[in-house]
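Single-letter residue listing:
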Amino acid sequence: MPPLPGAELVRTPVHLYRYLLRCCKQLPTRAMSQHYQHAIRQGYNSHTDEDDPERIQLIIQRAISDADWILYKVSIALAVFKLILIDKSDNSMWKD
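These remarks concern the structure in this document. Everything numeric here is computed off the predicted structure, so don't read it as measured data.

Conventions we followed
Within each chain, residues carry numbers counting from 1 in the order of the written sequence. In keeping with the predicted nature of the model, local features appear solely for residues at pLDDT of at least 70, side-chain atom pairs appear and are counted solely at 80 or more, and the whole-chain, interface and lining totals rest on all residues. With hydrogens and water excluded, all non-hydrogen atoms of the structure serve as input to the side-chain values. By salt bridge we mean one thing: a side-chain nitrogen of Lys or Arg within 4 Å of a carboxyl oxygen of Asp or Glu. Only protein chains enter the area calculation, which uses a 1.4 Å probe; residues under 20% of their type maximum are buried, those over 50% are exposed, and those in between are partly exposed. Numbered from the N terminus, helices here are DSSP runs of H or I no shorter than four residues, and strands are runs of E no shorter than two.

Our focus in this paragraph is the pattern of salt bridges. Counted under the stated rule, the structure contains two salt bridges. For arginine 55, the salt bridge is made with glutamate 50, and the minimal N-O distance between the two is 3.8 Å. For glutamate 50, a relative accessible area of 25% corresponds to the partly exposed category. Residue aspartate 66 pairs with arginine 62 through a salt bridge whose shortest N-O separation is 3.1 Å. Of this pair, aspartate 66 and arginine 62 are both found in helix H3 (residues 53-90), four residues apart, which corresponds to roughly one turn of the helix. On the basis of relative accessibility, which here comes to 32%, the residue aspartate 66 falls in the partly exposed class. Overall, arginine 62 belongs to the exposed group, its relative accessible area being 55%.

Pasting the structure below:
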């Protein structure tokens, strides 16, 4: 799954923060969204004292990669869940 539009424009920690919060809107449930929003805030606050530009870019790249992986994982899980529902509604699979 490619990154959300705008990933290539993330250059600063504030841009990253906003990008990651936009990614949370793609999650299927409010509970998941709130969980990851909290994690994003915690991560942002824990790195506010970071001043090495190379380290900041590394953190940005890793955070975007992690967000892409989470969104991909969720999309696969939803696709599998939908297939199970379709198969279950077919009933031919569930007959003895």
